[in-house]
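Commentary on secondary and tertiary structure
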Amino acid sequence: MVTSTQCLNKYGDPTLERNMVLWDVPGYLEIGVIPKKIYCNRDMMAPLAAAFQALITTGCVNELKTWDGCFNIRKKRGLTSMSLHSWGVAIDVNAAWNGLGKEPVLSKEFVKCFTDAGFEWGGTWSRKDGMHFQLAKI
Ligand SMILES: [Zn+2]
């Protein structure tokens with residue numbers, strides 16, 4: 001799992017927003033609730049484009065109910081280490097149905113669209129975070 005220390009070493013102080021970009025999502029990927037613009041780490045553009053394309057190709061895009069954000073400088077909930085959202089390398093989706101510590105309700109096919117594109121899913125963690133996907137490598 002990518003750690004906050006690795007992010008700090010690679011991207012620096014998150015408040016400097018050094019590797020952040022306002023990604024203008026290509027029109028052909030703007031299906032359903034996929035945002036038109038995403039403020040994210042530049043390393044997220046290719047994996048997110050691949051995940052969105054897979055969601056559309058498989059029809060899983062219909063399962064994407066809400067886009068719940070990417071960049072957010074904060075600590076992991078209830079912990080002292082920084083969340084990977086602080087460097088814009090994590091996203092949350094369908095948050096209302098996939099709360100922290102709850103049993104996730106995303107389909108295997110939906111999750112695979114992201115894991116095949118280079119993301120790790122929080123739904124497999126001991127403290128389940130089903131809404132959360134983060135880059136598997138940086
Ligand atoms: Zn998250």
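To keep things clear, this report deals only with the structure shown in the data block. (Residues numbered from 1 in each chain as written. Predicted model: local features only at pLDDT ≥ 70, side-chain atom pairs only at ≥ 80, totals over all residues. Heavy atoms only, no water.)

On to the state of the cysteines. In the structure shown here, the tally under the stated rule is zero disulfides. For Cys40, which is in no disulfide, the shortest distance to another cysteine sulfur is to Cys70 and amounts to 5.4 Å. With no disulfide of its own, Cys60 lies 4.4 Å from the sulfur of Cys113, the closest cysteine sulfur. (Disulfide = S-S within 2.5 Å.)

Taken in spatial order, the three strands line up as β3-β5-β4 in an open sheet, and their pairing is antiparallel. Looking at which strands have only one partner, the edges of the open sheet turn out to be β3 (90-92) and β4 (119-121). When strand polarity is set aside, the average angle formed by the axes of neighbouring strands in this sheet is 25°. Bridge count for β4 against strand β5 (residues 132-135) is three bridges, and the pairing is antiparallel. Looking at β5, one finds that Glu120 is bridged to Gln134. Where helix α3 (residues 108-115) meets the sheet, it contacts β3, β4 and β5, and its direction lies at approximately 145° from that of β4. (Pairing = 2+ DSSP bridges. Helix = DSSP H or I, 4+ residues; strand = E, 2+ residues; numbered from the N terminus. Axes fitted to C-alpha atoms, helices over the stretch in contact; angles between N-to-C directions. Contact = heavy atoms within 4.5 Å.)

Right, let's talk about the nonpolar core for a bit. By size, the foremost hydrophobic cluster in this structure holds 36 residues, and its most contacted members are Leu48 and Phe133. For this core, the secondary structure elements donating two or more residues are α1 (4-11), β1 (20-24), β2 (37-41), α2 (45-58), β3, α3, β4 and β5. Leave out the neighbours within four places in its chain, and Leu48 touches Trp23, Ile38, Trp67, Ile91, Phe114 and Phe119. (Core = buried A, V, L, I, M, F, W, Y, C linked by side-chain atoms within 4.5 Å. Buried < 20%, exposed > 50% of the residue type's maximum accessible area, 1.4 Å probe, protein only.)

It is worth stressing that arrangement in space is one thing and function is another; only the former is reported here.
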